Amino acid sequence: MSDMELQVRHLRVLVAIARAGSLNRAAGELRLAQPALSHQLRRIEQLVGERLFDRGPRGVRPTRIGELVLARAAAIIPAFDELDRDFRLQQPSPGGLRIGWNDSSLVPGLFGCVERLLPGHELTSRADLSHSRLVTQVAGGCVDLAVAMICGPRTLAVPDGVRAERVVVEPSFVALPARHPLAASPVVELGELAQEQWIVSSCGDGCRVVFREMCLAHGFTPRIAHDVDALRHRLVSGEHGVCLVQPTTPEPPGMVIRPLAGDPMKVQHVLLWRADHPLGDRFAAVHLAAVAVYEQLVAQNDRYRGWMDNGVA
């Protein structure tokens, strides 16, 4: 399935077929001729590289791979419908400000900057793990301002008219269970974690590739045990694996955070807005304030501040 290029419309077809239980009934639901639907299904199966439905005299039933694709479709289709409703059908409220973000530690402080520097504008926000989608949302006017995180040395491709201002480039630290043998080490060598179970965010946009490349450069292929978007810290505290974290992350009970020797993974935090936005000149002030917010986060974190003061940064 390495070259699979399924689209949401393909997933909708598969869901309709599974729900109807037959191509004839699904064709009627989709207002297609049955031969046309059969052709679409064959095309989708070619894209996947596997048969998705078993045909029989009583209709069709999903194969094992078909069940897997349908399970993913059940999560993907509602997410796209929600995006369509929120970003395309709803009109922004007059005087409102919409912020997009993807898990940056800057977000709470950024909200405070916006409220302080742009009073009188109702603030709403939406999280999106994909920095490329955040760029698209800023360019299309779906959000007014966005803060995006980019893994590794890659540059952020932005269209003409979108301003991208870097707030900070920071190292990635590693979160370990408090009873881990390396928990007492001031700095952890990445190679020492070769046998660990890793907890990795399914954020997409190539971050998984950057993570794998980093591990391969240190002599091992990572064992990804948990593919999650949330609760990573709880999984670490519960001794279910280790994960990369932002260095400003507080240490909850049961978990310790340590620098990685050699600083193998950097993460960029970038602020985005449209140059022609009515508040574009004010957003430049928000960017400067966001830099100050990050400096405050460093000042409040003894572990990270000590790491920077030792000249490792």
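Rules of the game
- Residues numbered from 1 in each chain as written.
- Predicted model: local features only at pLDDT ≥ 70, side-chain atom pairs only at ≥ 80, totals over all residues.
- Heavy atoms only, no water.
- UniProt positions renumbered as here; feature names shortened; annotations may be inferred.
- Helix = DSSP H or I, 4+ residues; strand = E, 2+ residues; numbered from the N terminus.
- Buried < 20%, exposed > 50% of the residue type's maximum accessible area, 1.4 Å probe, protein only.
- Contact = heavy atoms within 4.5 Å.
- Axes fitted to C-alpha atoms, helices over the stretch in contact; angles between N-to-C directions.
- Parallel < 35°, antiparallel > 145°, perpendicular 65-115°, else oblique.
- Left-handed = near helix turned anticlockwise from the far one by under 90°.
- Nonpolar A, V, L, I, M, F, W, Y, C, P; charged D, E, K, R; others polar.
- Arc of directions from axis to C-beta.
- Pairing = 2+ DSSP bridges.
- Core = buried A, V, L, I, M, F, W, Y, C linked by side-chain atoms within 4.5 Å.
- Domains from an automatic or database assignment.
- Salt bridge = Lys/Arg side-chain N within 4 Å of Asp/Glu carboxyl O.

Turning our attention to the UniProt feature "domain: HTH lysR-type" (unreviewed entry) in the chain. Cross-referencing UniProt, the feature "domain: HTH lysR-type" (unreviewed entry) maps to residues 6-63 in the present numbering. Helix makes up 62% of residues 6-63 and strand 14%, whereas the separation of the span's terminal C-alpha atoms amounts to 17 Å.

Moving on to the environment of A175. On the secondary structure map, A175 appears in strand β7 (residues 173-177). A residue is classified by how much of its surface remains accessible, and A175, at 0% relative accessible area, is buried. Placed 163 residues apart in sequence, A175 and R12 show a C-alpha to C-alpha distance of 39 Å. With near-sequence residues (within four places) excluded, A175 lies in contact with V236, V242, C243, V245, M255, V256 and I257.

With their axes 9 Å apart at the nearest point, helix α5 (residues 107-117) and helix α9 (residues 280-299) run at an angle of 140° to one another. As the angle between them shows, α5 and α9 are arranged oblique. As for how α5 packs across α9, the hand of that crossing is right-handed. On α9, the residues that touch G109, L110, C113, V114, R116 and L117 of α5 are R282, A285, V286, A289, A290 and V293. Taken together, the residues of the contact of α5 with α9 break down into 9 nonpolar, 1 polar and 2 charged.

At 3.6 residues per turn, the α-helix brings residues three or four places apart onto the same side. Taken as a whole, helix α2 (residues 23-30) has its buried residues at L23, A26 and A27. The buried residues of α2 all sit within an arc of 105° when viewed along its axis, so they share a single face. Structural note: α2 exposes N24, R25 and G28 on the side pointing more than 90 degrees away from its buried face. Next to the buried residues of α2 lie α1 (8-20), α3 (34-48) and β2 (59-62). Phi turns positive, to about 60°, at R31, one or two residues after α2.

Phi is positive for E239, which is not a glycine, with a value near 65°. Turning to its location among the elements, E239 is positioned in the loop between α8 (232-237) and β10 (243-245). The phi dihedral of D263 is positive, around 55°, even though this residue is not glycine. Relative to the elements of secondary structure, D263 occurs in the loop between β11 (255-259) and β12 (266-274).

Strand order in the open sheet made by the 3 strands is β10-β7-β11, with antiparallel pairing throughout. At either margin of the open sheet sits one strand with a lone partner, and together these are β10 and β11. Taken pair by pair, the neighbouring strands of this sheet meet at an average axis angle of 40°, ignoring direction. With 3 bridges connecting them, β7 and β10 associate as antiparallel partners. Looking at the pairing, A175 lines up with C243 of β10.

For soluble globular proteins, nonpolar side chains are generally found buried alongside one another. Within the largest apolar cluster, 34 residues are counted, with the highest numbers of intra-cluster contacts made by L145, L271, F283 and V286. Per-element accounting of this core gives the leading share, 7 residues, to α9. Counting residues domain by domain, this core receives three or more from each of domain 2 (92-170 + 267-310) and domain 3 (173-264). When near neighbours in sequence (up to four residues on either side) are disregarded, L271 contacts L110, L145, A146, V147, R163, A164, E165, V167, F283, V286 and H287.

To continue, consider the domain arrangement of the chain. Domain annotation for the chain reports domain 1 (8-88), domain 2 (92-170 + 267-310) and domain 3 (173-264). If you average the C-alpha positions of domain 1 and of domain 3, the two centres end up 37 Å apart.

In the structure shown here, the tally under the stated rule is 13 salt bridges. Among the ionic pairs, R51 bridges to D54, the shortest N-O distance being 2.6 Å. Accessibility expressed as a relative area gives 48% for R51, which makes it partly exposed. Among the salt bridges present, the one from D263 reaches K266, with a minimum N-O distance of 2.6 Å. Since its relative accessible area comes to 16%, D263 is described here as buried. Looking at K266, the relative accessible area reads 36%, which means it is partly exposed. One network of salt bridges, with partners in common, ties together E251, R258 and R303.

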